[in-house]
Amino acid sequence: MSVVKHQPLRRIFTLHLPMLAIVLFALGPYLWMLLTSLKQESTLFSPERTFLPTVVTLENYLRLFQKTTFLSNLGHSLVVSSGTMLLGLSVSITAAYAFSRFRFAGRRALMLQFLLVNMFPIVLLIIPLFIIMKSLGLLDTHLGLILAHSTFSIPFATWMMISYFDAIPRSLDEAAMVDGCTPIGAMFRVVIPLTVPGIIATGIYIFITSWNEYLYASILAGQNVRTLTVAIQTLVGEYEIAWGLLTSGGVVGALPVTLLFMLIQKRLVAGMTQGAVKG
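Residues numbered from 1 in each chain as written. Predicted model: local features only at pLDDT ≥ 70, side-chain atom pairs only at ≥ 80, totals over all residues. Heavy atoms only, no water.

Asker: Now, about the packing of aromatic side chains: what can you tell me, with residues and values included?
Answerer: With the rule as written, the count across this model stands at eight aromatic pairs. Centroid distance Tyr-97 to Phe-102: 6.0 Å. Interplanar angle 80 degrees. Geometry classified as edge-to-face. Residue classification places Phe-102 among the partly exposed residues on the basis of a relative accessible area of 36%. Centre to centre, the rings of Tyr-97 and Phe-165 are 5.7 Å apart; their planes meet at 85 degrees, and the pair counts as edge-to-face. Note that Tyr-97 is positioned in helix 4 (residues 70-101) and Phe-165 in helix 7 (residues 142-166), a separation of 68 residues in sequence. (Phe/Tyr/Trp six-rings, centres within 6.5 Å; stacked < 30°, edge-to-face > 60°. Buried < 20%, exposed > 50% of the residue type's maximum accessible area, 1.4 Å probe, protein only. Helix = DSSP H or I, 4+ residues; strand = E, 2+ residues; numbered from the N terminus.)

This is how it looks when you write it as structure tokens:
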């Protein structure tokens with residue numbers, strides 16, 4: 001009986017407390033950012049610093065939206081990230097279906113090339129992309145950033161979709177084609193409805209990757225299309241950092257992705273585990 005009584009206590013110390021410590025360590029910077037954004041600007045530079053705000057205020061958020069172009073920057077990020085997600089899903093779904101269902105010359109080489117693209121830093125593509133976008137007149141445009149973000153999001157998204165399609169038995173495609181469907185019809189009518197959780201997970205990956213991207217957005221765009229990440233960086237001055245605006249901007253920037261994850265959390269988890277085991 002004593003062994004049984006000590007098992008819950010041992011479980012708490014060996015499992016729950018380490019997990020709690022890891023969660024607090026991961027959430028610590030975000031919690032600090034949230035609490036700092038709710039403090040008065042005058043208290044941020046006070047020698048007597050406190051972790052919790054003595055007076056909770058929303059003045060930093062009001063200044064952020066009234067005195068800066070942060071709201072329009074938020075809109076630019078939504079347009080670019082949504083466009084990248086739509087383009088990335090359109091290309092990765094069709095490419096992954098072809099790799100999963102058909103055997104053709106150069107298939108392995110192309111799949112390997114998709115994988116190798118993510119092994120190189122994206123900074124290597126800056127100069128070629130800048131020259132291409134300039135020649136096409138796409139600098140400082142939404143379309144230019146969408147195409148640039150697709151260069152590094154599509155390869156990995158294609159590999160994600162391949163694993164999801166491989167988990168669907170090919171006999172379903174064959175049965176659909178016996179009933180008169182074309183390969184494309186079988187993909188849209190049979191395979192894609194079964195991989196909706198995987199498609200959602202892939203779309204969220206593309207959206208978050210584009211949402212958090214800074215390098216391309218800072219070089220390939222300017223005043224007309226200034227995304228959220230670039231706008232936050234402008235709050236860091238040469239001699240002063242606007243901590244109130246910076247932390248409130250970080251909270252607002254993380255809010256859309258957090259809400260999106262909370263809304264589709266169940267489908268996202270199902271999609272992440274769907275391609276893990278082949279049926």
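Here the narrative resumes, following the displayed structure.
Asker: Lay out the pattern of salt bridges in plain terms, naming residues and giving numbers.
Answerer: What the rule picks out here adds up to one salt bridge. With a closest N to O distance of 3.0 Å, Arg-101 and Asp-173 form a salt bridge. Of the two residues, Arg-101 is situated in helix 4 and Asp-173 in helix 8 (residues 170-178); the sequence distance between them amounts to 72 residues. Of the two residues, Arg-101 and Asp-173, neither departs from the other in class, the shared state being buried. (Salt bridge = Lys/Arg side-chain N within 4 Å of Asp/Glu carboxyl O.)

Asker: Requested: an account of the UniProt feature "transmembrane region" (unreviewed entry) in the chain, with residues and values cited.
Answerer: In this structure's numbering, the residues bearing the UniProt feature "transmembrane region" (unreviewed entry) are residues 12-32, 78-99, 111-133, 145-165, 186-208 and 241-264. In the segment residues 145-165, helix accounts for 100% and strand for 0%; the C-alpha atoms at its two ends are 29 Å apart. (UniProt positions renumbered as here; feature names shortened; annotations may be inferred.)

Asker: Quick one: what's the story with empty space enclosed by the protein, residue by residue and with numbers?
Answerer: Applying the stated criterion across every chain, the model contains one cavity of 30 Å³ or more. Its volume calculated, the largest cavity comes out at about 30 Å³. If you go around the largest cavity, the residues you meet are Ser-77, Val-80, Ser-81, His-149, Ser-210, Trp-211, Glu-213, Thr-227 and Thr-229. For the lining of the largest cavity, the elements supplying multiple residues, two or more each, are helix 4 and helix 10 (196-211). If you tally residues by element for the lining of the largest cavity, the top one is helix 4, at three residues. For the lining of the largest cavity, the class distribution of residues is two nonpolar, six polar and one charged. (1 Å grid on protein atoms, 1.4 Å probe; cavity = no way out; pocket = protein on both sides within 12 Å on 5 of 7 lines; lining within 4 Å. Points joined across faces, edges and corners; volume = space filled by probe spheres on them. Nonpolar A, V, L, I, M, F, W, Y, C, P; charged D, E, K, R; others polar.)

Asker: Report on the packing of helix 7 against helix 10, specifying residues and quantitative values.
Answerer: It is at 10 Å that the axes of helix 7 and helix 10 come closest, and there the two elements cross at 160 degrees. Taken as axis vectors, helix 7 and helix 10 run roughly antiparallel relative to one another. Seen along the crossing, helix 7 lies across helix 10 with a hand that is right-handed. On the side of helix 7, the interface is formed by His-149, Phe-152, Ser-153, Phe-156, Ala-157, Met-160, Met-161 and Tyr-164, while helix 10 contributes Gly-198, Ile-199, Ala-201, Thr-202, Tyr-205, Ile-206, Thr-209 and Ser-210. Residue composition of the contact of helix 7 with helix 10, by class: ten nonpolar, six polar and no charged. (Axes fitted to C-alpha atoms, helices over the stretch in contact; angles between N-to-C directions. Parallel < 35°, antiparallel > 145°, perpendicular 65-115°, else oblique. Left-handed = near helix turned anticlockwise from the far one by under 90°. Contact = heavy atoms within 4.5 Å.)

Asker: Any details on unusual backbone geometry? Residues and values, ideally.
Answerer: Not every positive phi belongs to a glycine, and Asp-140 is a case in point at roughly 60 degrees. By the secondary structure assignment, Asp-140 is in the loop between helix 6 (126-136) and helix 7. Taking relative accessible area as the criterion, Asp-140 reaches 18% and is therefore assigned buried.

Asker: Report on a nonpolar patch on the surface, specifying residues and quantitative values.
Answerer: Taken together, the side chains of Leu-112, Leu-115, Leu-116, Met-119, Phe-120, Val-123, Leu-124 and Trp-159 make up a nonpolar region of the molecular surface, amounting to roughly 770 Å² of accessible area. For the nonpolar patch, the element with the most residues is helix 5 (residues 107-117), which contributes three residues. Structurally, Leu-115 is set in helix 5. (Patch = residues over 30% accessible without salt bridge, like charges linked within 9 Å, V, L, I, M, F, W, Y side chains within 5 Å. Areas by Shrake-Rupley, 256 points an atom, 1.4 Å probe, with all protein chains shown as cover.)

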